[in-house]
Amino acid sequence: MTIEKKVDGKQLTISLKGRLDTVTSPELEKEIINSIPGVVHLVLDFEGLEYVSSAGLRVILSASKLMSKQGDMILVHVNDSIKEIFDMTGFSEILNIE
């Protein structure tokens, strides 16, 4: 998985490409924790993301909880297969997906 970050004022966009799984989720978790101080809007861009495992879901949920204390988080460019995972797990009800 590759992670690209773009900061625009108090907005941070993190673009993911590849697979968010047991191997790669710790890398994303570390990146989010280190990057969100001072961030009001976190955008996770899933355009290049192919797969999310339960470990990846945990990191996304954790990021959402962290951001709820200082701003908001949205997910953009979520493909149909990942959207289906969010629907089946109930994440669609708790995440802001555009």
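The structure we're discussing is the one just above.
Reading the values: rules and limits
Along each chain, residues carry numbers from 1 onward, in the same order as the chain's sequence is written. Confidence filtering applies because this is a predicted model: local features only for residues at pLDDT of at least 70, side-chain atom pairs given and counted only at 80 or more, and all residues used for totals across whole chains, interfaces and linings. The side-chain numbers reported here are obtained from all heavy atoms of the structure, hydrogens and water having been left aside. At least two bridges found by DSSP between two strands is the condition for calling them paired. For the purposes of this entry, the term helix denotes a DSSP run of H or I that reaches at least four residues, the term strand denotes a run of E that reaches at least two, and both are numbered from the N terminus. Between two residues, a contact is recorded if the distance between any of their heavy atoms is within 4.5 Å. Think of each axis as a best-fit line through the C-alpha atoms, taken over the contacting stretch in the case of a helix, with angles from 0 to 180 degrees between the N-to-C directions. The set of buried Ala, Val, Leu, Ile, Met, Phe, Trp, Tyr and Cys residues whose side-chain atoms join them within 4.5 Å is what this entry labels a nonpolar core. Categorising residues by exposure relies on relative accessible area from a 1.4 Å probe, with only protein chains included: less than 20% of the type maximum marks a residue as buried, more than 50% marks it as exposed, and the intermediate range marks it as partly exposed. The term salt bridge refers to a pairing of a side-chain nitrogen on Lys or Arg with a carboxyl oxygen on Asp or Glu at a separation within 4 Å.

### Re the sheet that holds strand β4 (residues 72-76)
Pairing in this open sheet of 5 strands is mixed, and the strands run β1-β2-β3-β4-β5 from one edge to the other. Two strands bound the open sheet, and with one partner strand each, they are β1 (2-8) and β5 (96-97). Where β1 lies against strand β2 (residues 11-20), 7 bridges are found, and the strand directions are antiparallel. Bridge pairing links I3 to L16 in β2. Seen against the sheet, helix α2 (residues 54-68) touches β2, β3 (41-52) and β4 and runs at an angle of roughly 175° to β3.

### Focus: the nonpolar core
Counting residues in hydrophobic clusters, the biggest one holds 27 residues, and the most contacted among them are I14, L42, F46, I60, M73, L75 and F86. Of all the elements in the fold, those that place two or more residues in this core are β2, α1 (25-35), β3, α2, β4 and α3 (80-89). Not counting residues within four places of it along the chain, the set of residues in contact with L75 comprises L44, F46, I60, F86, L95, N96, I97 and E98.

### With respect to the pattern of salt bridges
This model, assessed by the stated rule, comprises 5 salt bridges. E4 is the partner of K17 in a salt bridge, and the nearest nitrogen-oxygen pair spans 3.6 Å. In this pair, K17 is assigned in strand β2 and E4 in strand β1, connecting sequence segments 13 residues apart. Overall, E4 belongs to the partly exposed group, its relative accessible area being 44%. For the salt bridge of K83 with D87, the shortest nitrogen-to-oxygen distance reads 2.9 Å. Placement of the pair is K83 and D87 together in helix α3, with a separation of 4 residues, close to one helical turn.

Note that every value here comes from positions in space, so none of it alone points to a role or purpose.
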